[in-house]
Amino acid sequence: MLGSTGSVGVNTLNVLGRHPERYRVYALTASERVVELAQQCRQFTPRYAVILNEKKAAELKRRLCLDGLDTEVLSGLSGLCQVASDSRVDTVMAAIIGAAGLRPTLAAVRAGKKVLLANKESLVMAGPVFMQALVASKAQLLPIDSEHNAIFQCLPYPCGSLDEAGVEKLLLTGSGGPFRTWQIDELEWVTPDQACAHPNWSMGRKISVDSATMMNKGLELIEACYLFHAPAEQIEVLVHPQSIVHSMVQYCDGSLLAQLGNPDMRTPIAHALAFPGRMKSGVRGLDLLAQGRLDFEAPDPERFPCLRLARAAIKSGNSVPTALNAANEVAVAAFLNGELAFTQISTIIERVVSRAKVFELTDLDVVEQVDSNARLLAAQELTRITNEVN
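Since the model is a prediction, treat every value here as computed from it, not as a measurement.

1. Considering the packing of aromatic side chains
Stage number 1. Counted under the stated rule, the structure contains seven aromatic pairs.
Stage number 2. When the centroid spacing of 4.7 Å and the interplanar angle of 65 degrees are considered together, the rings of Phe 179 and Trp 182 count as edge-to-face.
Stage number 3. Seen from their ring centres, Phe 179 and Phe 342 are 5.3 Å apart, and the 75 degrees between their planes marks the pair as edge-to-face. With a gap of 163 residues between them, Phe 179 in the loop between strand S7 (167-174) and helix H8 (192-195) and Phe 342 in the loop between helix H14 (320-336) and helix H15 (344-355) connect regions that are remote in the sequence.
Stage number 4. When its relative accessible area of 6% is taken as the criterion, Phe 342 is described as buried.
Stage number 5. Above the face of the Tyr 48 ring, Arg 47 is positioned so that its terminal group lies 4.7 Å from the ring centre.

2. Side note on empty space enclosed by the protein
Stage number 1. By the definition in use, this model includes two cavities of 30 Å³ or more.
Stage number 2. Taken as a whole, the largest cavity holds about 50 Å³ of empty space.
Stage number 3. For the largest cavity, the lining is made up of 10 residues, of which Ser 146, His 246, Gln 259, Thr 267 and Pro 268 are closest to its centre.
Stage number 4. Looking at the lining of the largest cavity, the elements that each hand over two or more residues are helix H7 (146-154) and helix H11 (266-274).
Stage number 5. Broken down by element, the lining of the largest cavity gets its largest block of residues, three residues, from H7.

What counts and how
In this convention, every chain numbers its residues from 1, walking through the sequence in written order. Since the coordinates come from a predicted model, pLDDT governs what is reported: local features require at least 70, and pairs of side-chain atoms require 80 or more to be given and counted, while whole-chain, interface and lining totals use all residues. With hydrogens and water set aside, each side-chain value is computed from the structure's full complement of heavy atoms. Each Phe, Tyr or Trp ring (for Trp, its six-membered ring) is paired with any other whose centre lies within 6.5 Å, and the angle between the two planes then decides the class: stacked below 30 degrees, edge-to-face above 60, tilted in between. Only DSSP runs of H or I with at least four residues qualify as helices, and only runs of E with at least two residues qualify as strands; both kinds are numbered from the N terminus onward. Each residue gets one of three labels from its accessible area relative to the maximum for its type: buried under 20%, exposed over 50%, partly exposed in between, using a 1.4 Å probe on protein chains only. Throughout this description, the term charge over a ring refers to an Arg CZ or Lys NZ atom that lies within 6 Å of the ring centre and within 35 degrees of the ring normal. With a 1 Å grid spanning the protein atoms alone, the term cavity applies to any set of points in which a 1.4 Å probe fits but cannot get out, the term pocket to an open set with protein on both sides within 12 Å along at least five of seven lines, and the term lining residue to any residue with an atom within 4 Å of a point. Grid points are joined across faces, edges and corners, and a volume is the space filled by probe spheres set on the points.

Laid out in structure tokens, this is it:
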């Protein structure tokens, strides 16, 4: 479990806890949440616990020792990569949010694991490198994001090219977040707590802000291009406020296949864990009569400029999506820290993408250099905006 204390990690352990006869948790990892990680270790008794923050390792060891656990504590990026590629592991849940999840996720792919991908940034940042490693290792990649998991369920398996399968279009749905009906001139005054109050899903703060700007949907569009070998023109984004239809596939014969369910991450997690079978997730079935209606609308480009920026980035290709993702992570962090207005998130991203040099992504070193440079540019733009305001 890469990222066991986050939202996806907690939901994954909830599902695993329902099926102790089927699964054994070998390693749990977290960034710095020692208390939560120690509690998870008490429940699941893994062989390893990894804390990314190396200064927290001693505290974690002390807590596990007091509990009488023989779980071995590792730390740092090397510890994450070690457990992700361990020969005794067959399945890896990649749920570390952001760029921090790239190397351990790629380590799992290169080791030929069954990888449950909840870290969309791995593909956004390093799509060509990631997909080359996937082909070389013959690892199995199963999407966990509800939208990509829905598309996966609506496609034939195994699926060759979309053209061979008769697919005309992939339709990604998104709720539109908490500000879908707000006046655009009101968005400047949005607070972090308001942006994190998603109407349907329970998520971490960073991904909640991405949902509010619809950058999350933009990142998912980029991810879908790589996962399903689809050009951006073949992917449409629809706003669906109820978050019941998780995504759809339109076929050349006029058919439109959709995957529906209550908005609960345990559904795609259980699907991927049990694939190609099915198992109980703990999610109640969807009551269509109680739901009553399903609405769809086109996203407002003025309200959601981040979606436009993401689509332009994947069309440009090479390292542009890498720079886009880095700039977004810096901008969202600044917004959550009260250093940036909500509407200025897209401003920083657009400025960074326009300034960043474009490189061909030949290996992971290039990816990380582009990421680092883009973060420096984003920091510069943040300072510039702060000076403009003052």
